[in-house]
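Close look at the chain arrangement
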Amino acid sequence: MNAVSFRAAAEALRPRLVAWRRQLHQCPELGFEEKETAALVAGVLTELGLQVRMGIGGTGVVGVLAGAKDGPAVALRADMDALPLQEDTAVEFASRYPGRMHGCGHDAHMAVVLGAAALLAARRQELPGPVVFIFQPGEEMPPGGARLMLAAGVLDNPPVKAIFGLHVTSYLPVGTVGVRRGAIMASADNFTIKIKGRTVHGASPHLGVDAIVAAAQAILALQTIVARRLDPVQPAVLTVGTIHGGEKENIVAGQVTMTGTTRALNNVIRKQLEAGMRQVLAGVAAASGTAIDLDYLWGYPPLINDEKLTTLFRRVAGAVLGPDKVLELANPSLGAEDFARYAEKLPAVYFNLGAAIPDVEPHPWHHPQFNINEDCLPIGAGLLASLAVAALG
Ligand code: NI
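The sections below set out a description of the structure shown in this document.

Definitions and cut-offs
Residues numbered from 1 in each chain as written. Predicted model: local features only at pLDDT ≥ 70, side-chain atom pairs only at ≥ 80, totals over all residues. Heavy atoms only, no water. Axes fitted to C-alpha atoms, helices over the stretch in contact; angles between N-to-C directions. Helix = DSSP H or I, 4+ residues; strand = E, 2+ residues; numbered from the N terminus. Parallel < 35°, antiparallel > 145°, perpendicular 65-115°, else oblique. Left-handed = near helix turned anticlockwise from the far one by under 90°. Contact = heavy atoms within 4.5 Å. Nonpolar A, V, L, I, M, F, W, Y, C, P; charged D, E, K, R; others polar. Expected span 1.5 Å × (residues − 1). Buried < 20%, exposed > 50% of the residue type's maximum accessible area, 1.4 Å probe, protein only. Polar contact = N/O pair within 3.5 Å; in protein donor to acceptor, adjacent residues only side chain to side chain. Donors = N, O, S within 2.8 Å, 3.2 Å for Na, K, Ca; no water. Salt bridge = Lys/Arg side-chain N within 4 Å of Asp/Glu carboxyl O. Pairing = 2+ DSSP bridges. Core = buried A, V, L, I, M, F, W, Y, C linked by side-chain atoms within 4.5 Å. 1 Å grid on protein atoms, 1.4 Å probe; cavity = no way out; pocket = protein on both sides within 12 Å on 5 of 7 lines; lining within 4 Å. Points joined across faces, edges and corners; volume = space filled by probe spheres on them. Domains from an automatic or database assignment. Disulfide = S-S within 2.5 Å.

Regarding the packing of helix α8 (residues 307–321) against helix α10 (residues 376–392)
At a minimum axis separation of 10 Å, α8 and α10 run at an interaxial angle of 135 degrees. Judged by the inter-axis angle, α8 sits oblique to α10. At the point where α8 passes α10, the crossing takes the right-handed sense. Of the residues in α10, those touching α8 at Leu312, Phe313, Val316, Ala317, Val320 and Leu321 are Ile379, Leu383, Ser386, Leu387, Ala390 and Ala391. Broken down by class, the residue content of the contact of α8 with α10 amounts to 11 nonpolar, one polar and no charged.

What follows is the structure in C-alpha cells.
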C-alpha cells in the first residue's frame, strides 16, 4: 500500500460518496441533536464491518477498523453539526428542514471520512495498524463536541498517535489542498461585560451613574489593547459584538451588557488579552463610578499543526495530488475550530480541501448559498486513506 494506491478505488466510490453527502445534506441537525445523522453514519460504518460505538459525547459516533497488526492507531475526524440557517441554494438535495442547513460543509466532511473508512476497510488485511474514525457533534457550539469526545476517551482505546481533520473550502480549486505548519486557526474566547451604574431622570445625570457613557469609554479603551499593548507582529482580535442597555430616551441607563470575542494564535497572547481587558475595565469603572463585571470564557484553543506530521502530510498529499497541488497557506485564519482540542493532545494536521465550483462565485462558510464541488469527495477520501496508512507506517 503506497500513497497513490487508493486513487482508482476512490474514484469508483464516487457515487456512494455523493449519495452520502446528499443524504446528509438533506437532514441537517444542530449541535448535539445529530440523531438522524449519527444513525446514518453508524449504519455505514457497521455495514463496513467496523466496531461502532454511538452516543459518545452526546450524539457522537466512533468506528474502529482493526488492522492486520495491533499497535497505536491513527484517527480521522469529521464534524457532524449543521447551522441555524435558511438554505438558499437551488440544489435538488436541499435541506428538508426550514431554518437548518449544512452551510459549513460538515456533510462533505462526514462523506469523505466515511469514504476513507470504506477504502481502508476494503484492504484491512494490509493495514499496518488500527484506524479510528471520529464523528463528533457540536463543532459549531463552543465549548464544543471535541472536548466531550476526548473526555469519553476516544483517543485511548486503541491509543491514537496521530489525527487528521479537514475543512472543505470554496476558495481553493478541486484537486488542491491548503495547509500550513504551526498555527492554522485561532483561539476563540468569549466574554460578557456587565456595567452597573445608577438609573436617574435623563435631565439630572449628576444624580445617577450613566452605564452607557461608561460602555462607550470601555469599548474604545478595549480597542487600545490590540492597538497599543500587544506585540503588533502577533495577530489578535478583540470584537465587541453586542451591546444592550437603556430603557427610554429620557432615562440615564443603569445597566449595559456587552458580549464579544477575542482571537489569538497562541496562549501567551490569549492571556494578555484577558489581563488587558481586566485592567482596562477596572480603570473605566474607577473613572466612571460604575461597577464592571467581566465574565471571560476560554473557548477553543489555537489550532497548531504538528511540524513532523505536516511534513508527512505534504509528502503524502504531494504524491497523491501532485506536488504543485499542495498549497502552503500564507496566513492562518482567525476563525476557530474545536479540532484544536485534539491537536493539544497529540500530533495533528488540519487542512483545507479545495472544493470550488468552476465559474461560480465562491461563498464563504455559513453563507445560505454555500455549496461544494462534489468532485472533491473522492479526492478527500483517497487522501485521508493514504494519510492514515502513511502515518501508521
Ligand atoms: Ni465548519
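More follows now that the structure is in view.
Quick notes on α8
If you check α8, its first and last C-alpha atoms are 21 Å apart, about what 15 residues at 1.5 Å a residue would give, namely 21 Å. Every buried residue of α8 is listed here: Leu309, Thr310, Leu312, Phe313, Val316, Ala317, Gly318, Val320 and Leu321. Where α8 begins, the side chain of Asp306 points an oxygen toward the backbone nitrogen of Lys308, at a separation of 3.2 Å. Directly beyond the C-terminal end of α8, a positive phi value near 105 degrees is found at Gly322.

Thoughts on unusual backbone geometry
The linkage connecting Pro142 with the following residue, Pro143, adopts the cis geometry, with an omega of 5 degrees. Relative to the helices and strands, Pro143 resides in the loop between β4 (131–136) and α5 (145–151). With an omega of 0 degrees, the peptide bond running from Asn157 to Pro158 counts as cis. By the element assignment, Pro158 lies in the loop between α5 and β5 (160–169). Of note in the backbone geometry, Asp359 takes a positive phi value of approximately 60 degrees without being a glycine. Phi at His366 takes a positive value of approximately 70 degrees, unusual for a residue other than glycine. Tracing the backbone through its elements, the reader meets His366 in the loop between β16 (348–354) and α10.

Concerning the coordination of the nickel ion
Of the protein atoms, only Cys104 (SG), His106 (NE2) and His167 (NE2) coordinate the nickel ion, at distances of 2.2 to 2.3 Å. Motif for the nickel ion, donor spacing along one chain: C-x1-H-x60-H. In this pair, Cys104 sits in the loop between β3 (73–79) and α4 (106–121) while His167 sits in strand β5, placing the two residues 63 residues apart along the sequence. Take His167: its relative accessible area is 3%, and that puts it in the buried class.

Describing the pattern of salt bridges
A side chain with one charge may pair with a side chain of the opposite charge, provided their charged atoms come close. Applying the stated criterion to the full structure yields 15 salt bridges. Between Asp375 and Arg14 there is a salt bridge; the shortest N-O distance is 2.6 Å. Remark: Arg14 occurs in helix α2 (residues 14–26) and Asp375 occurs in the loop between β16 and α10; sequence separation between them is 361 residues. Owing to a relative accessible area of 35%, Asp375 belongs among the partly exposed residues under this scheme. Note that Arg123 is salt-bridged to Glu126, the shortest N-O span being 2.9 Å.

Remarks on the side chain of Arg270
With respect to the helices and strands, Arg270 occurs in helix α7 (residues 267–288). Residues contacting Arg270, with those up to four places away along its chain left out, are Ser187, Asp189, Ala264, Tyr296, Trp298, Gly299, Tyr300, Pro301 and Pro302.

Concerning the sheet that holds strand β12 (residues 255–264)
Sheets are built from strands paired through backbone hydrogen bonds, the pairs being either parallel or antiparallel. Taking strand neighbours across the sheet as the criterion, the four strands line up as β10-β12-β8-β13 in an open arrangement whose pairing is antiparallel. Looking at which strands have only one partner, the edges of the open sheet turn out to be β10 (236–245) and β13 (291–300). For this sheet the average axis-to-axis angle between neighbouring strands, irrespective of direction, equals 15 degrees. Here 10 bridges tie strand β8 (residues 187–196) to β12, and the two strands are oriented antiparallel to one another. What sits directly across from Ala188, in β12, is Arg263. In the packing of helix α6 (residues 211–229) onto the sheet, the strands contacted are β8, β10 and β12, and the crossing angle to β10 comes to about 170 degrees.

Considerations on the nonpolar core
Within the largest apolar cluster, 72 residues are counted, with the highest numbers of intra-cluster contacts made by Phe133, Phe135, Phe164 and Phe313. Phe133 has contacts with Leu50, Val61, Val62, Gly63, Leu65, Leu76, Val113, Ala116, Ala117 and Leu120, leaving out every residue within four places of it along the chain.

Some remarks on the layout of surface pockets
The method is simple in principle: a probe with the dimensions of a water molecule rolls over the atoms, and the space it marks as empty is what remains. Roughly 360 Å³ of volume is contained in the largest pocket. Glu139, Glu140, Arg263, Tyr300 and Ala336 are the residues nearest the centre of the largest pocket, which is lined by 21 residues in total. Here the residues of the lining of the largest pocket are counted per class, giving nine nonpolar, eight polar and four charged. When residues are assigned to domains, the lining of the largest pocket turns out to be shared by domain 1 (3–186 + 302–392) and domain 2 (188–300), each giving three or more.

Description of the pairing of β4
Where burial is concerned, most of β4 is hidden: six out of the six residues are buried. Taking every second residue as pointing to the same face, both faces of β4 are buried, with Val131, Phe133 and Phe135 on one and Val132, Ile134 and Gln136 on the other. Relative to β4, strand β2 (residues 60–65) is paired through five bridges, and the arrangement is antiparallel. From the neighbouring strand, Gly63 faces β4, where its bridge partner is Phe133.

Examining α4
Look at α4: 22 Å from first C-alpha to last across 16 residues, which is about the 22 Å you get at 1.5 Å a residue. Of all the 16 residues making up α4, 16 are buried; the element is thus mostly covered by neighbouring parts of the structure.

Comments concerning the state of the cysteines
In total, this model carries zero disulfides according to the counting rule given. Free cysteine Cys27: the closest other cysteine sulfur is in Cys104, separated by 17 Å. A relative accessible area of 5% places Cys104 in the buried class.

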